[in-house]
Amino acid sequence: MTVAASPVTLDDWFVRDLGGLYQPWQAAPAPSPELVALNDELAGELGLDAEDLRKPEGVAVLAGTAVPAGATPVAMAYAGHQFGNYSPRLGDGRALLLGELTDTAGRRRDLHLKGSGRTPFARGGDGLATLGPMLREYVVGEAMHALGIPTTRALAVATTGERVMRERPLLGAVLARVASSHLRVGTFQYAAATGDADLLRRLTEHAIARHHPQAAEAEKPALALLEAVVEAQAALVAQWMDVGFVHGVMNTDNMTISGETIDYGPCAFLDAYDPATVFSSIDHGGRYAFGNQPQAAQWNLARFAESLLTQIEDDPEAAIPAATDVVSSFAERFGRHRSAGLHAKLGLTGEHRELAEELVTLMADQKPDHTRFFRGLSAAARGDTSPVLDLVVDRDAVDAWLSRWRTALESQERPVAESADAMDRVNPVYIPRNHHVEAALDAAVAGDHAPFHQLVDVVSRPYEERPGLEDYAKGDPSATGYTTYCGT
Ligand code: AMP
Ligand code: MG
């Protein structure tokens, strides 16, 4: 049904442009939708009235039982390499693109539902989602946003009133998600595999117009698009590394063309710094381990490049050298972003690559709590090294590095006190710690939503130390072998 006074009005640019890349579809009915969380700030940014969204008509849109005005809900088609294995037909198995809206800053944003029932892409899946994983996506996405990292964001999570069968019956839920688009590397792989040259051309033009409009001016727009996506992903993954984020399932269908983080499944933040960290229950080989993320991104971008070859040159063979050069530039671009990020985290205004790299090596050896170590450095800059040294075993080795770093800080034009303040603006106090996330989700599933809302509040202001929140800044004392699960 289409509600008369819809609280949301949507456009359908994707649907108009890209016939062949979706199937029109309806969400499954939700017996008794109830809002668990609504993102007031994001609603405001989208120009929506949060109070209207809380009314039954609003909840109906957010849970998928009412179609907003102007909307043509579709299940999007995409392919993807999952852990290196190609699946020609993935697609939105349990999700729908409702349409797009223009936010208060004039940017076009997708409104999308996840957990809204089986679609033609569902394969063996039930098309459903459960409350815990949808709340995880909400809180981790908000944390990433607050950390200044490009990401899709949750507008709302509503329970459906339905029981979903997993290892045991769980509460069904729908996530309403906002993204600058849902175009993925896998969308291009799908379009390329159809062999329909016109479809791939339309997709390329749509992606350029939507995300990288400067590429349209280039001599070879598709090559410029590839370059823009390589750059956006290099910047993104560097930001993940800066905060200790492990995505966990960097399949090509989970990598956006916009450069936003998408699909928070088996993701988590590092406690101890260790490049080999894996949280996902299914990532046995460590393909998507923390330290492998740059290589995984570059591998995905090579798949993106392959899908674009016919758009770069009429003879795809002729496009290979230029495309390969662009994909190879990932390493240099990533290195530049990562180095800039580390310099900022260390309060360094000049170029001190060696010093930064030495620290990374030292951290891999000493494995201190990643977040606390970097936050503690501002105290060290102000003269108290104990917050940092208390996190490591080999205090002498770290102390020796701290002395060299202090010398660098003191040799800068910027006063050390100002550098320490600047560091506190980039090194968070609060991240969504795994044990807090688990506790908040467990409580929510048991009916107590307060710890979840509290955690969202904590991670939404990550840089500002607030009295009473000390526990959220601490590492998990039992933090070994944390496991997260995807597709749940
Ligand atoms: P993900 O691992 O969440 O990125 O999902 C990979 C693919 O599996 C996508 O095509 C999803 O739409 C699909 N999928 C995941 N869970 C389900 C489910 N419960 N029902 C149907 N499709 C699903
Ligand atoms: Mg996915």
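Residues numbered from 1 in each chain as written. Chains lettered and ligands numbered in written order. Predicted model: local features only at pLDDT ≥ 70, side-chain atom pairs only at ≥ 80, totals over all residues. Heavy atoms only, no water.

Enquirer: Just to check I follow, could you spell out the overall build of the protein for this structure?
Expert: For the protein, the count of helices and strands is 18 helices and 11 strands. Taking 2.2 N^0.38 as the reference for a compact globule, 488 residues should give roughly 23 Å; the C-alpha atoms of the protein span a radius of gyration of 23 Å, in line with that estimate. Along the first, second and third principal axes, the C-alpha set of the protein runs to 65 × 60 × 40 Å. Accessible surface computed for the protein: about 18,900 Å², of which carbon and sulfur atoms make up 51%. A distance of 2 Å separates the average location of the 42 positive side-chain charges in the protein from that of its 66 negative side-chain charges. (Helix = DSSP H or I, 4+ residues; strand = E, 2+ residues; numbered from the N terminus. Rg over C-alpha atoms; globule rule 2.2 N^0.38 Å. Areas by Shrake-Rupley, 256 points an atom, 1.4 Å probe, with all protein chains shown as cover. Lys, Arg positive; Asp, Glu negative; His and termini not counted. Charge placed at Lys NZ, Arg CZ, Asp CG, Glu CD.)

Enquirer: Before we go on, may I ask you to explain the packing of helix 12 (residues 370-381) against helix 14 (residues 395-410) in this structure?
Expert: Any two packed helices are characterised by how steeply their axes cross, that is the angle between the axes, and by the distance between the axes. Put simply, helix 12 and helix 14 touch, their axes get as near as 11 Å, and they point 60° apart. If you check the angle between helix 12 and helix 14, you find them oblique. Relative to helix 14, helix 12 is oriented so that their crossing is right-handed. Across the interface between the two elements, Phe373, Leu377, Ala380 and Ala381 of helix 12 pack against Val398, Trp401, Leu402, Trp405, Arg406 and Leu409 of helix 14. Its residues assigned to classes, the contact of helix 12 with helix 14 shows 9 nonpolar, no polar and 1 charged. (Axes fitted to C-alpha atoms, helices over the stretch in contact; angles between N-to-C directions. Parallel < 35°, antiparallel > 145°, perpendicular 65-115°, else oblique. Left-handed = near helix turned anticlockwise from the far one by under 90°. Contact = heavy atoms within 4.5 Å. Nonpolar A, V, L, I, M, F, W, Y, C, P; charged D, E, K, R; others polar.)

Enquirer: What exactly am I supposed to notice about the coordination of the magnesium ion (ligand 2) here?
Expert: For a metal bound by four donors in a tetrahedral arrangement, the ideal donor-metal-donor angle is 109.5 degrees, while six donors in an octahedral arrangement ideally sit at 90 or 180 degrees. Within the protein, the magnesium ion (ligand 2) binds to Asn254 (OD1) and Asp263 (OD); these donor distances fall in the range 1.9 to 2.2 Å. A relative accessible area of 12% places Asp263 in the buried class. (Donors = N, O, S within 2.8 Å, 3.2 Å for Na, K, Ca; no water. Buried < 20%, exposed > 50% of the residue type's maximum accessible area, 1.4 Å probe, protein only.)

Enquirer: Which parts of the structure should I look at to understand the UniProt feature "binding site: ATP" (unreviewed entry) in the protein?
Expert: Cross-referencing UniProt, the feature "binding site: ATP" (unreviewed entry) maps to Gly91, Gly93, Arg94, Lys114, Asp126, Gly127, Arg177, Arg184 and Asp263 in the present numbering. The greatest C-alpha distance among the residues just named is 22.8 Å, and with 173 residues of sequence between them they are spread in space as well. Assignment of secondary structure puts Arg184 in the loop between strand 9 (169-179) and helix 6 (185-194). Take Arg184: its relative accessible area is 1%, and that puts it in the buried class. Following the sequence through the fold, Asp263 ends up in the loop between strand 10 (245-246) and strand 11 (268-269). Other than its neighbours up to four places away in sequence, Asp263 contacts Lys114, Glu137, Arg177, Arg184, His247 and Asn254. (UniProt positions renumbered as here; feature names shortened; annotations may be inferred.)

Enquirer: Even after reading the chapter, I still don't get the UniProt feature "binding site: Mg(2+)" (unreviewed entry) in the protein, so can you show me in this structure?
Expert: Those residues carrying the UniProt feature "binding site: Mg(2+)" (unreviewed entry) are Asn254 and Asp263 in this numbering. Setting aside residues no more than four positions away along its own chain, Asn254 makes contact with Arg184, His247, Val249, Ile262 and Asp263. A distance of 3.3 Å separates the side chain of Asp263 from the side chain of Lys114, its partner in a polar contact. (Polar contact = N/O pair within 3.5 Å; in protein donor to acceptor, adjacent residues only side chain to side chain.)

Enquirer: Just to check I follow, could you spell out the site of ligand 1 for this structure?
Expert: Surveying the vicinity of ligand 1 reveals 17 residues, the closest of which are Gly91, Gly93, Arg123, Asp126 and Gly127. In the environment of ligand 1, a nitrogen atom lies 3.1 Å from a nitrogen or oxygen atom belonging to the side chain of Asp126. Alone, ligand 1 offers 480 Å² of accessible surface; in the complex the protein occludes 85% of this. Class assignment for the residues of the shell around ligand 1 results in 4 nonpolar, 6 polar and 7 charged. Taken domain by domain, the shell around ligand 1 gets at least three of its residues from each of domain 1 (2-179) and domain 2 (185-338). (Near = heavy atom within 4 Å. Domains from an automatic or database assignment.)

Enquirer: Explain the nonpolar core here, please?
Expert: A general feature of soluble globular proteins is that nonpolar side chains tend to end up buried together. Grouped together as the largest cluster of nonpolar side chains are 125 residues, with contacts concentrated most on Phe14, Leu226, Leu377 and Trp405. If one sorts the elements of this core by residue count, helix 8 (residues 221-243) sits on top with 14 residues. Each of domain 1 (2-179) and domain 2 (185-338) gives at least three residues to this core. Sequence-distant contacts of Leu377, that is, excluding residues within four places in its chain, are made with Leu346, Val388, Trp401, Leu402, Trp405 and Met423. (Core = buried A, V, L, I, M, F, W, Y, C linked by side-chain atoms within 4.5 Å.)

Enquirer: Is there a simple way to think about the side chain of His182 in this case?
Expert: Positionally, His182 belongs in the loop between strand 9 and helix 6. Residue His182 is classed as buried on the basis of its relative accessible area, which comes to 1%. Engagement of the side chain of His182 in a polar contact is seen with the side chain of His112, the distance being 3.4 Å. Within the structure, the side chain of His182 is placed 3.2 Å from the side chain of Arg177, a separation counted as a polar contact. His182 has contacts with Met76, Leu97, Asp110, His112, Arg177, Thr187 and Ile262, leaving out every residue within four places of it along the chain.

Enquirer: I tried to follow helix 12 on my own but got confused; where do I start?
Expert: Given 3.6 residues per turn, any residue in an α-helix points the same way as the ones three and four places further on. Along its 12 residues, helix 12 runs 17 Å from first to last C-alpha, staying within 8% of the 16 Å computed at 1.5 Å per residue. The element helix 12 is largely enclosed, with a buried count of 10 among its 12 residues. Looking at helix 12, one finds that the buried residues are His370, Thr371, Phe373, Phe374, Arg375, Gly376, Leu377, Ser378, Ala380 and Ala381. Where the residues of helix 12 are buried, they touch helix 8, helix 10 (316-345), helix 11 (353-366), helix 13 (386-389), helix 14 and helix 15 (416-424). With a side-chain oxygen lying 3.2 Å from the backbone nitrogen of Thr371, the N-terminal cap of helix 12 falls on Asp369. Phi for Gly383, located one or two positions after helix 12, is positive at around 115°. (Expected span 1.5 Å × (residues − 1).)

Enquirer: What am I meant to see in the side chain of Asp424 here?
Expert: Looking at the secondary structure, you find Asp424 in helix 15. Its relative accessible area of 15% is what places Asp424 among the buried residues. In contact with Asp424, not counting residues within four places along its chain, are Arg375, Ser378, Arg382 and Tyr463.

Enquirer: Explanation requested: the domain arrangement of the protein in the structure shown.
Expert: Note: interface size is frequently given as the accessible area lost on complex formation between the parts. Taken as a whole, the protein is organised into domain 1 (2-179) and domain 2 (185-338). Here domain 1 and domain 2 have C-alpha centroids that lie 23 Å from each other. Each side of the interface is counted separately: domain 1 has 35 residues, and domain 2 has 37 residues. Surface buried jointly by domain 1 and domain 2 totals about 3,100 Å² across both partners, of which 62% is contributed by carbon and sulfur atoms. For the domain 1 face of the interface with domain 2, the top three residues by lost area are Leu21, His81 and Phe83, together amounting to 21%. For the pair domain 1 and domain 2, the number of links is 3 salt bridges. Here Asp263 ties to Arg177 by a salt bridge, and the two come within 2.7 Å at their closest N and O atoms. Applying the counting rule to domain 1 against domain 2 returns 14 residue pairs in polar contact (both at pLDDT 80 or more). (Buried area = accessible area lost by both parts, 1.4 Å probe. Salt bridge = Lys/Arg side-chain N within 4 Å of Asp/Glu carboxyl O.)

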